[in-house]
Number of protein chains: 2
Amino acid sequence: MTDSKLVSSLIEDNLPNFSNTFVPTRLLLGPGPSNANPEVLKALSLNPIGHLDEAYLELMSDVQKLLRYSWQCNNRVTLPMSGTGSAAMEASIANFIEEGEKILIAKKGYFGDRLIDMASRYKANVNVIEKNWGEAFSLEEIEFEIEKIKPSIFAIVHAETSTGVLQPLEGIGEICRKNNCLFLVDAVTSLGAVELFIDKWQIDLAYSCSQKGLSCPPGLSPFTMNERAEEKLKNRKSKVPNWYLDLSLLNKYWGSDRVYHHTAPVNMNYAIREGLRILAKEGLRNIWDRHLVNSQKLYKGLTELGLEMHVAEQFRLPTLTTVKIPSDVDGDAFRNHLLKNHGIEIGNGLGTLSGKIWRIGLMGYNSSSENVDKLLNLFDTELKKFTIFQSATF
Amino acid sequence: MTDSKLVSSLIEDNLPNFSNTFVPTRLLLGPGPSNANPEVLKALSLNPIGHLDEAYLELMSDVQKLLRYSWQCNNRVTLPMSGTGSAAMEASIANFIEEGEKILIAKKGYFGDRLIDMASRYKANVNVIEKNWGEAFSLEEIEFEIEKIKPSIFAIVHAETSTGVLQPLEGIGEICRKNNCLFLVDAVTSLGAVELFIDKWQIDLAYSCSQKGLSCPPGLSPFTMNERAEEKLKNRKSKVPNWYLDLSLLNKYWGSDRVYHHTAPVNMNYAIREGLRILAKEGLRNIWDRHLVNSQKLYKGLTELGLEMHVAEQFRLPTLTTVKIPSDVDGDAFRNHLLKNHGIEIGNGLGTLSGKIWRIGLMGYNSSSENVDKLLNLFDTELKKFTIFQSATF
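Residues numbered from 1 in each chain as written. Chains lettered and ligands numbered in written order. Predicted model: local features only at pLDDT ≥ 70, side-chain atom pairs only at ≥ 80, totals over all residues.

J.: Help me understand the packing of helix α4 (residues 85–94) of chain B against helix α5 (residues 110–121) of chain B, please; the structure alone is not making it clear to me.
T.: For any two helices packed against each other, one specifies the inter-axial angle together with the distance between the axes. All names here are of chain B. Close contact between α4 and α5 brings their axes to 10 Å; oriented N to C, the two are set at 50°. In terms of axis orientation, α4 runs oblique to α5. Between α4 and α5 lies a crossing whose hand is right-handed. Here α4 contributes Ser 86, Met 89, Glu 90 and Ile 93 to the contact with α5, which in turn contributes Arg 114, Leu 115, Met 118 and Ala 119. (Axes fitted to C-alpha atoms, helices over the stretch in contact; angles between N-to-C directions. Helix = DSSP H or I, 4+ residues; strand = E, 2+ residues; numbered from the N terminus. Parallel < 35°, antiparallel > 145°, perpendicular 65-115°, else oblique. Left-handed = near helix turned anticlockwise from the far one by under 90°. Contact = placed C-beta atoms within 7 Å.)

Have a look at this one:
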């Protein structure tokens, strides 16, 4: 084959002209991603440097120190995985389950289903306890099932983004230890926004994401594991059936050895360092308070407008509020109106809650009194335009 | 447990003050990452928007169209995976190998070993042919082994970043079809920089990365598969044992259905759209020529300085040049000097070539005549300071 033949065969005839990359400005008050802090976006756009450059290795150490603070733990193995939240979710399954091992998954929303799907792909013996979408488990229910099933891992979602439920976690760690079981927590929508104590609550494994409490774009998934989890990993009989998410290899790069594993997404790591720096500067206690106060202001305002929350007050998640769509309102049309005409994104329900609730996120940088006011004003002035009988003429 | 007890237990006493995130400016002339185009970094730092926002879905379509052009293919399933290059490498194994199936891997460097490791984790029947690090396979050698082994997949690295070898690929696709075998190509260091024709060369599966030919930061891995590969995926007996990289699920999001899979790394996708837009504007033929011309200028200059290339001229990779470290030179000291005192990164050899070669990358945005001049000047003036007997006194 000659070069001239290759030239003539270039597939390019139908390629249109593409304009410079541009996206509209949005205020993201849905289930995530949330808006990134402008300082984070500045850090994100610094020039890449090598993933084995000393300056980068130092930055990695900073990220790890700051992550330990945000997780409230002293775990040696604490690192951001090079993928979005589901990557670290999968790592938590892939590394700690061997074929036939029992996992008990407490499912009360969409992300419980995802855990079940993943665990079955890794050939776990999957056991599930279920709650309605909008409820939380009691400690007694969890204890009863763990003692009955005797799983190797008990997995639960701390903050269910699909339902707006905050699952109380205190006490579960103790039950898991008594039953020789690892305690795995999905903290995707709680890390850096809602009270969470990895060490104190005896959580053995946890993962989160970058685009919610940490005010970064999506792309990294913070992960932490303690010595009990390390021990289980060390005693595996088989190789981890996943190379990219193999924690022993990842830890050689993030640990003191700094052995090359995969090329790190360096710019995303600049971003997360900056997000975590800003978080540490404000202080966790202040951040948790801020999220609580703003969510309560939102409930109050929505209630005054005659709307009803989906979750009982004691289990409401400060980062994500689920609101019942009134039966005479076209929920999708209102949501699209907010997005198209006011640049504000709120979320639809997932799965069985689709069309029944809206999901309103106040996370990280976006959890502010001003954003609550802005949204409440729009609910006040715009919602009435979307009652079913009027929506056709609007 | 009361709130006040929680407050008192915050782990924060030892947290130092962190300065704003900063990294030094580097000219990255190593094996990758390469410097990103400044326009790409601008796009990267746009505000995140929702991964189901119409504006984002449009951007995804652009990325796919532009990727098809850069791959020179019409494959429906063409998308960037949400991880660095190794993620798509793993996807190419995880989705297309079932337990016990034969894979034949042509290994001639470090990344062949990675393919072997991955394939064995997915319980493939792994067969390997080997070449010395610095050589390429002939078509006859490949044909002989494929006909002998009769694998389901034949995998080879197009551009071996560990050795600087460009493997000729023409003709292999035909052999694979004759033998009912999928042809899998690692194009991590060739996409967008070196001649590559997915359709014409009958390549069934290929993956790459964002941080080399595409002039983006690391974080995404372009992937493409044709109908033969789709057919094999559809006929799997078992579920793909990897959720994050499951191509049927990914394709529901990137295909016409737009069904949510995982939260996309939206900002990295802004970046890759911009990188691909700039690539399309320059045109593949011009880009390939530019990389060729600059690499030849580099060989010529280095040779004139008395240095020797590691790879025979006909197999040299335009994106990455491997140079023998003269026996009387402290290679590490010279490399560190370039980085610390001149802000230029070049790479050490990997594996068995560590300490024996330097790896010089001229990729994407960084493949310019000016960068070649800059580096040649430094080799001319600085290298002599690092001969073994003088290095101690320098």
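J.: Just checking my understanding: could you explain the relation of the copies chain B and chain A for this structure?
T.: Put simply, the two copies of the chain differ by a rotation about an axis and a shift along that axis. Of the transformation placing chain B onto chain A, the axial shift is 0.0 Å and the rotation is 180°, giving an RMSD of 0.0 Å. The symmetry that links the two subunits is that of a two-fold axis. In this assembly, 100% of the residues forming the interface of chain B have copies in chain A that are likewise at the interface, indicating an isologous arrangement. (Least-squares fit on C-alpha atoms with pLDDT ≥ 70 in both.)

J.: When you look at the interface of chain B and chain A in this model, what are you seeing that I'm missing?
T.: Size of an interface: often given as the accessible area lost when the parts come together. With 78 residues of chain B in contact, the opposing surface of chain A contributes 78 residues. Those elements that provide at least two residues to the side of chain B that touches chain A are α1 (3–8), α2 (38–44), α3 (54–71), α4, α5, α10 (266–282) and α11 (284–304) of chain B. The dominant element in the side of chain B that touches chain A, judged by the number of residues it contributes, is α10(B), at 8 residues. Residue classes in the side of chain B that touches chain A are distributed as 39 nonpolar, 22 polar and 17 charged. (Nonpolar A, V, L, I, M, F, W, Y, C, P; charged D, E, K, R; others polar.)

J.: Hey, could you run me through the confidence of the model for chain A in this one?
T.: Do not read the fine detail of predicted coordinates wherever pLDDT is low. When pLDDT is averaged across chain A, the result is 94; 95% of the residues are at 70 or more. Across residues 1–8 of chain A, where pLDDT falls below 50, the model places 5 contacts with residues more than four positions away in sequence or in other chains. (pLDDT = per-residue confidence, 0-100.)

J.: Is there a simple way to explain the environment of Asn251(B) in this structure?
T.: Structurally, Asn251(B) is set in helix α9 (residues 247–254). Distance from Asn251(B) to His261(B), taken between C-alpha atoms, is 9.1 Å for residues 10 residues apart in sequence.

J.: What's the story with the sheet that holds strand β9 (residues 205–207) of chain B in this structure? I'm lost.
T.: Residues and elements named next belong to chain B. Across the sheet, which stays open at both edges, the 7 strands sit in the order β2-β10-β9-β8-β5-β3-β4 with mixed pairing between neighbours. Bordering the open sheet on either side are β2 (77–81) and β4 (125–130), each of which pairs with just one other strand. Ignoring which end each strand starts from, the neighbouring axes of this sheet average 15° apart. Where strand β3 (residues 102–107) and β4 come together, 6 bridges link them in parallel fashion. Bridging from a neighbouring strand, Ala 106 pairs with Ile 129 of β4. Along the sheet face, α3 touches β2, β9 and β10 (221–225) and points at about 105° away from the line of β2. (Pairing = 2+ DSSP bridges.)

J.: What am I meant to see in the sheet that holds strand β11 (residues 320–324) of chain A here?
T.: By definition, the strands of a sheet pair up through backbone hydrogen bonds, in either a parallel or an antiparallel sense. Residues and elements named next belong to chain A. Spatial ordering of the open sheet is given by β11-β14-β13, a layout of 3 strands whose pairing is antiparallel. The outermost strands of the open sheet, each flanked by one partner alone, are β11 and β13 (347–348). Pairing geometry for β11 and strand β14 (residues 357–361), over 5 bridges, is antiparallel. Residue Thr 322 lies in a different strand from β14, and its bridge partner there is Arg 359.

J.: Teacher, can you tell me more about helix α12 (residues 331–342) of chain A here?
T.: Residues and elements named next belong to chain A. A rise of 1.5 Å per residue sets the reference length of α12, with its 12 residues, at 16 Å; its end C-alpha atoms lie 16 Å apart and thus fit the reference within 8%. Those residues of α12 not exposed but buried are Gly 331, Phe 334, Arg 335, Leu 338 and Leu 339. Looking straight down α12, one finds its buried side chains confined to an arc of 130°; they lie on one side. Among the exposed residues of α12, those oriented more than 90 degrees off its buried face are Lys 340 and Asn 341. Positive phi appears at Gly 343, one or two residues downstream of α12, with a value of about 65°. (Expected span 1.5 Å × (residues − 1). Buried ≥ 20, exposed ≤ 12 C-beta atoms within 10 Å, placed from the backbone. Arc of directions from axis to C-beta.)

J.: Mind showing me how you'd approach the domain arrangement of chain A here?
T.: All names here are of chain A. As assigned here, chain A comprises domain 1 (27–32 + 283–391) and domain 2 (38–281). Here domain 1 and domain 2 have C-alpha centroids that lie 27 Å from each other. Opposite the 23 residues of domain 1 that make contact, domain 2 presents 23 residues. Contributing elements (two or more residues each) for the side of domain 1 that touches domain 2: α11 (284–304) and β11. (Domains from an automatic or database assignment.)

J.: Quick question: what am I supposed to make of the packing of α3(B) against α10(B) here?
T.: Residue and element names in this part refer to chain B. Running from N to C, α3 and α10 cross one another at 45°; their axes reach a closest spacing of 9 Å. With respect to α10, the axis of α3 lies oblique. The hand of the α3/α10 crossing is left-handed. Residue-level inspection shows Tyr 56, Leu 59, Met 60, Asp 62, Val 63, Leu 66, Leu 67, Tyr 69 and Ser 70 of α3 in contact with α10, the latter providing Val 266, Asn 269, Ile 272, Arg 273, Leu 276, Arg 277, Leu 279 and Ala 280. Taken together, the residues that form the contact of α3 with α10 break down as 12 nonpolar, 2 polar and 3 charged.

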